[in-house]
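Examination of the molecular architecture
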Amino acid sequence: MTLRAEAHTPPTAELRRFGPAQRWVHRATALLMGVCVVTASFLYIPVLAEMVGRRNLVVRVHEWSGLALPIPVLAGLFSRHFRADLGHLNRFGSHDKVWLRAVLRRDKRYSSRPAAKFNAGQKIYANWIAGATLVMLGTGLIMWFTHLTPITWRTSATFVHDWLALTIGIVLAGHIGMAMGDPEARAGLRTGTVDPQWAKRKHPLWRPGSKTTR
């Protein structure tokens, strides 16, 4: 190939991974979840509670941010692209079992971890955090409206809410750690596009535009 031909070779086009709806839902949900985690820390950790002082204000911010947590996802349902991604996240195929077995064996080769648009770990995380959020919302409402339920319900709700909150904090820390280790995945959520070579390595079964891809 001549230098002239090389100079006119078009660069590899970026691959569209997420549209505006998916990115907006992720950012809004992350913001509300972050507010919930931070305010919970100021409510339950004595040192932090002493730094703020205005406990009633922190409680109100925590309650309303938790109540608003499902809103971005519900709004995202108006987007067919977001609904399609929910379908991908809720369907598990035989390749997901292969991916999980490779993780358990600590086999880090890309060839041993087949994945479509989302890998098995992302699917498990998305489903778990969605269920945990609904439980947190339900127990939080029981704790908020104390006059509507008997004391045994409120005691149980407080126990579940507190311990599940700690578990969510740990899982979120792991989620953020995984994201920090994959700059291209973060770029996909920030800009909506990814490098095709990254997609080929990490998500070889992903066929953009295919309704049957899982």
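Our structure is the block above this text.
Residues numbered from 1 in each chain as written. Predicted model: local features only at pLDDT ≥ 70, side-chain atom pairs only at ≥ 80, totals over all residues. Heavy atoms only, no water.

1. Details of helix H8 (residues 120-144)
- Its 25 residues give H8 an end-to-end C-alpha distance of 36 Å, which sits within 8% of 36 Å, the value for a rise of 1.5 Å per residue.
- Restricting attention to buried positions, one finds in H8 the residues Ala120, Lys123, Ile129, Ala132, Thr133, Met136, Thr139 and Gly140.
- Buried residues belonging to H8 abut helix H2 (20-44), helix H6 (80-89), helix H7 (94-104) and helix H9 (151-180).
- Taking the backbone nitrogen of Gly121 as reference, a side-chain oxygen 3.0 Å away marks Asn119 as the first, capping residue of H8. (Helix = DSSP H or I, 4+ residues; strand = E, 2+ residues; numbered from the N terminus. Expected span 1.5 Å × (residues − 1). Buried < 20%, exposed > 50% of the residue type's maximum accessible area, 1.4 Å probe, protein only. Contact = heavy atoms within 4.5 Å. Polar contact = N/O pair within 3.5 Å; in protein donor to acceptor, adjacent residues only side chain to side chain.)

2. Digging into unusual backbone geometry
- Phi is positive for Arg106, which is not a glycine, with a value near 60°.
- Note on Arg106: relative accessible area 73%, which makes it exposed.

3. A word on the environment of Arg60
- Following the sequence through the fold, Arg60 ends up in helix H4 (residues 55-68).
- For Arg60, a relative accessible area of 43% corresponds to the partly exposed category.
- Reaching out from Arg60, the side chain makes a polar contact with the side chain of Glu63 at a distance of 2.9 Å.

4. Concerning H7
- Of all the positions in H7, only His95, Asp96, Trp99 and Ala102 are classed as buried. Seen from one end, H7 has its buried residues packed into an arc of 120°, which puts them on one side. Set apart from the buried face of H7 by more than 90 degrees, the exposed residues are Ser94, Lys97 and Leu104.
- On the buried face of H7, the contacting elements are H8.
- The first or second residue beyond H7 is Arg106, which carries a positive phi of 60°. (Arc of directions from axis to C-beta.)

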